[in-house]
Amino acid sequence: MSPYTADTTGDEVAADCQAQIAGKTVLVTGATPGGLGAAFALTIAKYRPACIILATRSLAAAEQTAGQIRAVEATVKVRCVALDLGSLAQIRKAAAEVNAFEETVDVLVNNAGVMACPYAKTVDGIERQFGTNYVGHFLFTNLLLPKMLARGSPVRVVNVSSDGHRFSHVRFEDLDFDDGKVYDRWTAYGQSKTANMLFSLSLAQKLGKKNLVSVSLHPGVIWTNLGRDVKQDEFVEISELDRVHGHRNILAQQLKTKTMESGVATHVVAAFHPSLDAPEWNGSYLQDCNPVKWEEMLPWGRDPIDAERLWKTGEQLVSQSFTY
């Protein structure tokens with residue numbers, strides 16, 4: 001467990017993790033200016049990582065973030081890659097591009113995502129939130145892992161989840177909500193974020209003995225462009241869902257928001273803090289810069305049977321098996 005709190009800033013954590021950041025090649029997905037991915041990259045840049053790879057749907061947005069990084073620390077090498085997590089074909093192309101770089105990724109931060117968007121499907125026919133937030137990252141990560149693991153050096157994979165995972169387990173028998181007929185945008189978001197948690201658990205179980213640490217995290221409530229599909233007065237829908245699901249402890253709490261600086265702190269802990277090298281925390285879920293105790297997590301976010309079932313579901317959806 002780290003000494004940090006909900007108010008700790010990313011820079012405070014990064015300053016403590018200078019030795020872990022220096023010389024690393026770090027890839028972050030979803031590094032659009034104004035978002036947590038870009039803030040994470042900017043936070044660690046001053047501590048001399050060898051290379052930061054920005055994988056973002058808009059290459060122009062990635063280049064804008066790259067310019068901001070170079071302004072912070074001109075010695076850091078920055079690469080930009082077009083990554084559309086809603087297209088399996090494009091994900092394969094992006095992964096091939098990354099694997100062709102001379103650098104090998106040490107830390108992969110799967111930060112990109114969509115939240116509470118209207119019902120839609122990816123080009124491959126997968127419900128958009130599940131397809132983007134989980135399936136896209138599942139494929140991208142597994143295509144990068146062979147090169148990442150080949151050196152035998154420690155690697156980390158961070159999957160950005162949310163406390164919104166409380167809205168749904170993974171609906172294995174109906175991932176796309178009866179083709180949208182019973183779609184609820186927050187339930188779909190919850191399903192995808194539960195999937196992010198289970199993905200980290202699977203990676204830890206399968207590759208923990210091969211120098212891989214994988215955790216998921218909830219960054220906190222931060223007003224970023226992630227919420228572009230939700231008007232501020234529509235967040236009342238969350239309270240209604242919490243009532244339906246019986247989350248009285250959530251209803252009793254006053255909504256607390258974070259600044260971008262404190263919001264990105266858990267990203268930095270997840271990506272670099274040495275406390276997470278302890279085997280008992282591999283596969284864990286972090287909130288406010290610390291792992292949540294296993295017994296305090298919702299069962300559908302920590303169940304190893306569901307994690308393995310989800311892995312196989314991911315393989316079926318991308319038509320490729322990954323065995324380690």
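Residues numbered from 1 in each chain as written. Predicted model: local features only at pLDDT ≥ 70, side-chain atom pairs only at ≥ 80, totals over all residues. Heavy atoms only, no water.

- An unreviewed UniProt entry annotates the chain as NAD(P)-binding protein of Apiospora marii.
- According to UniProt, the comment filed for the chain under the heading Sequence similarities (unreviewed entry) is "Belongs to the short-chain dehydrogenases/reductases (SDR) family." (UniProt positions renumbered as here; feature names shortened; annotations may be inferred.)

**Some remarks on the pattern of salt bridges**
Here's step 1: Counted by the stated rule, this structure contains 13 salt bridges.
Here's step 2: Residue Arg156 pairs with Asp277 through a salt bridge whose shortest N-O separation is 3.1 Å. Residue Arg156 is found in strand E5 (residues 155–160), and its partner Asp277 is found in the loop between helix H11 (265–272) and strand E7 (285–287); the two are separated by 121 residues along the sequence.
Here's step 3: Residue classification places Arg156 among the buried residues on the basis of a relative accessible area of 7%.
Here's step 4: By relative accessible area, which is 48% here, Asp277 ends up partly exposed.
Here's step 5: Across the salt bridge formed by Asp174 and Arg171, the nearest N and O atoms sit 2.9 Å from each other.
Here's step 6: Looking at Arg171, the relative accessible area reads 22%, which means it is partly exposed.
Here's step 7: Via salt bridges that share partners, Lys77, Arg79, Glu102 and Glu103 belong to a single interconnected network. (Salt bridge = Lys/Arg side-chain N within 4 Å of Asp/Glu carboxyl O. Helix = DSSP H or I, 4+ residues; strand = E, 2+ residues; numbered from the N terminus. Buried < 20%, exposed > 50% of the residue type's maximum accessible area, 1.4 Å probe, protein only.)

**Observations concerning the sheet that holds strand E8 (residues 290–291)**
Here's step 1: In spatial order, the strands read E3-E2-E1-E4-E5-E6-E7-E8; together these eight strands make up an open sheet with mixed pairing. At either margin of the open sheet sits one strand with a lone partner, and together these are strand E3 (77–82) and E8.
Here's step 2: Here strand E1 (residues 25–29) pairs with strand E2 (residues 51–56) via five bridges, running parallel. Looking across to E2, one finds that Val26 is bridged to Ile52.
Here's step 3: Packed on one face of the sheet, helix H6 (residues 128–150) meets E1, strand E4 (107–110), E5 and strand E6 (212–218) and runs near 180° to E4.
Here's step 4: Strand contacts of helix H7 (residues 185–207): E4, E5, E6 and E7, with the helix running at about 165° to E6, the strand carrying the most contacts. (Pairing = 2+ DSSP bridges. Contact = heavy atoms within 4.5 Å. Axes fitted to C-alpha atoms, helices over the stretch in contact; angles between N-to-C directions.)

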